[in-house]
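# Commentary on secondary and tertiary structure
Listed below are the residues making up each chain.
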Amino acid sequence: MTTEPTPAITVVAAIIRGEDGRICLSKRPDNKHQGGRWEFPGGKVEGGERLSDALARELHEELGMEDSLSSPFMTIAHQYPDLHVTLHFRDVTAWRGVPEGREGQQVEWFTLEQLPGLTFPAANQPVVTAITLPPLLAIAPDAFSLEQLLDGIKRLDPLRTGLYLRSWTHHPARDTVLEACAAEGLKVWLRADSPQGVAGGIPEGVFGLHLPGTVLADCDARPDFGGLVSAACHDQQALDKAVSLGLDSALLSPVNPTATHPDQSALGWEKAGQWATGLPLACYMLGGVGPEDISRAREHGAVGVAGIRAFWS
Ligand SMILES: Nc1nc2c([nH]c(=O)n2[C@H]2C[C@H](O)[C@@H](COP(=O)(O)OP(=O)(O)OP(=O)(O)O)O2)c(=O)[nH]1
Ligand SMILES: [Mg+2]
């Protein structure tokens, strides 16, 4: 049996963050596709339009915002029963005017904590998770002393950087490290030993559970953890598995050759970008990248960059 292909559209949608960190959303009219749900303001890209121009046009038409500027945040391809959408979510970095519903739609500002309680179109779940993630993910070096790690933690900006404790997950001083992170408001990831999670349990307040490639391969369901679950992915098969398990994020590596793995062949930005773009999970680029690569990573379908060395200076 063959099924007719559904129509396909390309959409741009805005992540508008206020100075207080709240996010501006509008409610889709009941009579439209995905009606009655909260959306990131935006709409269909018209033929030949650049994504940034399309979003500026939509934000002007729908919210009266003038001269808005935007940069890539995340792209999600989603098949609805009746429609295929490619959604380009963009961070709106500047505008003039105060957003207000110009088409009679409800417009409201919500805190990040309020977002999970709202009803969005089905395609949006990954982006709602992704906007709670820090753009930078620092990995705790194996070779640090406890003093070096505690000192480094104080110097990380918790609004921009999260911390993956990796080999420190079972360090005797781990709970001291977790307390220091909590005091700074840093989001922390621990390393899973098995599909069951972390031996001895995951302490309260841990934000993320990260699955190394071997653990991902052993999983046949999403691990039972209330927080965010990510996985290490070195190939498309691993990414497909992470998506099929409904994981929230992936560390895609190695993007570039690294000093620690000079022989492992690197994916390169182009291939990493092709793999990351459109996936319903938040990718971090890892391997020979630093905080200065964040814009490049976003242009290649990732929401952030991760690494060891370059993130602790
Ligand atoms: N703007 C927006 N659209 C979304 C989101 N999530 C999602 O699945 N969509 C879907 C719903 C629609 O099928 C499509 C957006 O099309 P639209 O109807 O808003 O387009 P538009 O603003 O150009 O409206 P119109 O002039 O055609 O009435 O993308 C989202 O967060 N924001
Ligand atoms: Mg619209």
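As named in an unreviewed UniProt entry, the chain is 8-oxo-dGTP diphosphatase, taken from Alcanivorax nanhaiticus. According to its UniProt record, the chain has this under Cofactor (unreviewed entry): "Mg(2+)".

Let us look at the site of ligand 1. Neighbouring ligand 1 are 17 residues; Ala-13, Glu-39, Gly-42, Gly-43 and Pro-121 lie closest to it. Of all the secondary structure elements, the ones that give two or more residues to the shell around ligand 1 are strand 1 (8-16), strand 4 (42-44) and strand 6 (84-96). Here the element with the most residues in the shell around ligand 1 is strand 4; it accounts for 3 residues. Of the residues assigned to the shell around ligand 1, the class counts are 8 nonpolar, 5 polar and 4 charged.

A word on the UniProt feature "binding site: 8-oxo-dGTP" (unreviewed entry) in the chain. UniProt annotation of "binding site: 8-oxo-dGTP" (unreviewed entry) refers to Arg-28, His-33, Glu-39, Phe-40, Pro-41, Gly-42 and Asn-124 when read in the numbering used here. Spanning 97 residues, the annotated positions come together in the fold, the maximum distance between their C-alpha atoms being 14.1 Å. Secondary-structure assignment places His-33 in the loop between strand 2 (23-27) and strand 3 (38-39). Take His-33: there are 12 C-beta atoms within 10 Å of it, and that puts it in the exposed class.

Strand pairs in the sheet, formed through backbone hydrogen bonds, run parallel or antiparallel to each other. Strand order in the closed barrel formed by 8 strands is 8-9-10-11-12-13-14-15, and the pairing between neighbours is parallel. With strand direction ignored, the average angle separating the axes of adjacent strands in the sheet is 25°. Inspection of the sheet shows strand 8 (residues 136-139) paired to strand 9 (residues 161-164) by 4 bridges, in the parallel sense. The residue of strand 9 that forms the bridge with Leu-136 is Thr-161.

Next up on the list: the packing of helix 3 (residues 146-155) against helix 4 (residues 174-184). Where helix 3 meets helix 4, the axes come as close as 10 Å, and the angle between the chain directions of the two elements is 15°. The angle between the axes of helix 3 and helix 4 places the two elements in the roughly parallel class. Our pair here, helix 3 against helix 4, has a crossing hand that is right-handed. Between helix 3, through Leu-149, Leu-150, Ile-153 and Lys-154, and helix 4, the contact on the second element is made entirely by Val-177, Ala-180, Cys-181 and Glu-184. Looking at the contact of helix 3 with helix 4 residue by residue, the class counts come to 6 nonpolar, no polar and 2 charged.

Conventions adopted
- Residues numbered from 1 in each chain as written.
- Chains lettered and ligands numbered in written order.
- Predicted model: local features only at pLDDT ≥ 70, side-chain atom pairs only at ≥ 80, totals over all residues.
- UniProt positions renumbered as here; feature names shortened; annotations may be inferred.
- Near = placed C-beta within 6 Å.
- Helix = DSSP H or I, 4+ residues; strand = E, 2+ residues; numbered from the N terminus.
- Nonpolar A, V, L, I, M, F, W, Y, C, P; charged D, E, K, R; others polar.
- Buried ≥ 20, exposed ≤ 12 C-beta atoms within 10 Å, placed from the backbone.
- Pairing = 2+ DSSP bridges.
- Axes fitted to C-alpha atoms, helices over the stretch in contact; angles between N-to-C directions.
- Parallel < 35°, antiparallel > 145°, perpendicular 65-115°, else oblique.
- Left-handed = near helix turned anticlockwise from the far one by under 90°.
- Contact = placed C-beta atoms within 7 Å.

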